[in-house]
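Each chain, letter by letter, is given below.
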Amino acid sequence: MRKSIIAAVGVTAAFAVVGGSVAYAAKSKTVSLSIDGQVQKVHTFGSTVSDALKAEKVQVGDHDVVAPALDSKLQDGQEIAVQYGRQLTVNADGVKKAFWTTADTVTEALADLGLRYDTGAYFSTSRSAPIGREGLELTVKTPRTVQIVRAGKPSTAKLMASTVGEALTAAKIAWDEDDKIVPAPATVLKTGVNKISFVKVDTKRATKTEKVAHGTDETESAEMFEGEKKVTAKGTDGSKSVTYLYTYLDGKLSATKVVTSKVLTEAVDEKVTVGTKEKPEAPEPPTSGNAGAWDRIAACESGGRWNLNTGNGFYGGLQFSSGTWAAYGGRTYAPNAHQASKAQQIAIAEKVRAARGGYGDWPHCGKKA
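Everything numeric in this text was worked out from a predicted model, so none of it was measured.

**Student:** With reference to specific residues and values, describe the overall build of the chain.
**Tutor:** Along the chain, the regular secondary structure elements total eight helices and 20 strands. Since a compact globule built from 369 residues should have a radius of gyration of about 21 Å, the 52 Å found for the chain marks it as more spread out than a globular shape. Overall, the chain is about 160 × 45 × 25 Å in size when its C-alpha atoms are taken along their principal axes. Residues classed as buried in the chain amount to 35% of the 369 residues present. Restricting to contacts in the chain with at least 6 residues of sequence separation, those with at least 24 account for 54%. Accessible area of the chain: about 21,900 Å², with a carbon and sulfur share of 52%. Each charge class in the chain was averaged separately, 47 positive and 40 negative side chains, and the resulting centres sit 5 Å apart.

**Student:** Account for the sheet that holds strand 2 (residues 38–44), with residues named and values stated.
**Tutor:** Ordered in space as 2-1-4-3, the four strands form an open sheet in which the pairing is mixed. At either end of the open sheet lies a strand with only one pairing partner, and these are strand 2 and strand 3 (65–67). On average, each strand axis in the sheet is tilted by 20° relative to the strand beside it, whichever way the strands run. Examined bridge by bridge, strand 1 (residues 29–35) and strand 4 (residues 79–83) share four bridges and lie parallel to one another. Residue pairing in the sheet places Ser34 in a bridge with Ala81 of strand 4.

**Student:** Summarise the UniProt feature "domain: G5" (unreviewed entry) in the chain; cite the residues concerned and give the values.
**Tutor:** Cross-referencing UniProt, the feature "domain: G5" (unreviewed entry) maps to residues 198–278 in the present numbering. In the segment residues 198–278, helix accounts for 0% and strand for 78%; the C-alpha atoms at its two ends are 70 Å apart.

**Student:** So what about the state of the cysteines? Which residues, and what values?
**Tutor:** Such a bond, covalent and formed between the sulfur atoms of two cysteines, is termed a disulfide. A complete count under the given rule lists one disulfide for this structure. Covalent S-S linkage joins Cys300 and Cys365, the inter-sulfur distance amounting to 2.0 Å. Because the torsion about its S-S bond is -65°, the bridge between Cys300 and Cys365 counts as left-handed. Residue Cys300 is found in helix 6 (residues 291–302), and its partner Cys365 is found in the segment after helix 8 (342–356); the two are separated by 65 residues along the sequence.

**Student:** Tell me about helix 6, and please be specific about residues and values.
**Tutor:** Taking 1.5 Å per residue, 12 residues should reach 16 Å; helix 6 reaches 16 Å between its end C-alpha atoms and fits that length. For helix 6, the set of buried residues is Ala293, Trp294, Ile297, Ala298 and Ser302. Within helix 6, the buried residues cover an arc of 135° as seen down the axis, which keeps them to one side. For helix 6, the elements touching its buried residues are helix 8. Remark: Gly303 follows helix 6 within two positions and exhibits a positive phi of approximately 70°.

About the cut-offs
Residues numbered from 1 in each chain as written. Predicted model: local features only at pLDDT ≥ 70, side-chain atom pairs only at ≥ 80, totals over all residues. Heavy atoms only, no water. Helix = DSSP H or I, 4+ residues; strand = E, 2+ residues; numbered from the N terminus. Rg over C-alpha atoms; globule rule 2.2 N^0.38 Å. Buried < 20%, exposed > 50% of the residue type's maximum accessible area, 1.4 Å probe, protein only. Contact = heavy atoms within 4.5 Å. Areas by Shrake-Rupley, 256 points an atom, 1.4 Å probe, with all protein chains shown as cover. Lys, Arg positive; Asp, Glu negative; His and termini not counted. Charge placed at Lys NZ, Arg CZ, Asp CG, Glu CD. Pairing = 2+ DSSP bridges. Axes fitted to C-alpha atoms, helices over the stretch in contact; angles between N-to-C directions. UniProt positions renumbered as here; feature names shortened; annotations may be inferred. Disulfide = S-S within 2.5 Å. Expected span 1.5 Å × (residues − 1). Arc of directions from axis to C-beta.

Next up, the structure:
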């Protein structure tokens, strides 16, 4: 309707210029004045369109449209159309642009400006909303295809969002600044498929009371033999309060960091006296007349390896336990059987056999004696 009025006015002006005369232009004229579609009859003595508008105190600017032109000759019965310019600021998917238009509704303005949006697009105001002289700010959001990869699993959807952060919110994913989001939340989404990597980062603090192990303070004594130790003052463990920061990625513990550590009770070292006096060597026992039997038993128990330490709690060629070795005087020779000579091991074995009445301590291999 607006365009038809302006076009008609242009035709009327053309005929008026051809058929008019200078004398007639000086007389009072009645003209139709249409301002933004509101038509009124006015009387004027002006000779141009500009004169008529000034007489009615109608001001026009660079963005307004006047038909016929301001310097056109004015004739009786003339039609003048004025359409005021309006600034329409469009923020489309995060990209803001300002336009000038003489349209007075959003739909007309978008059509005149050639701005076309999908029917599923979101508008901050109705498409039929009027645009006042003060202009209008319009926000438009169009659906974006987004692929969100979370815990290694991709999920694709069309979301009404303009940035990465808005897409996560639209997908009902709670996020904050601690989370690992690539690209950044403020990144504007583009047409096509937008890939987003999301890792939920959670932190938790926990304070624990932990033991502080006591140490040992050794003092040497020449009055005690080498290898001998004596506790002169018992040590006690201390305690400390430790605050940890736990970091979880997608619910799985990823890192542990000590934030603070405070000693609650000091540990007290144990005081031990250690002998340095050289220990006389134990006399080698006499050769047993039953050595052949013990060789056969040793061949069965340890493959004949008299220095064997298997690490299973049994030692030497005849596989003594530490308790048996100590109980029958073995430590006279060495702390454990594998550290003693063959003759010394056989001497202790003879004591065991005599005390137990046979080779019962070697239930399987003793049968080979």
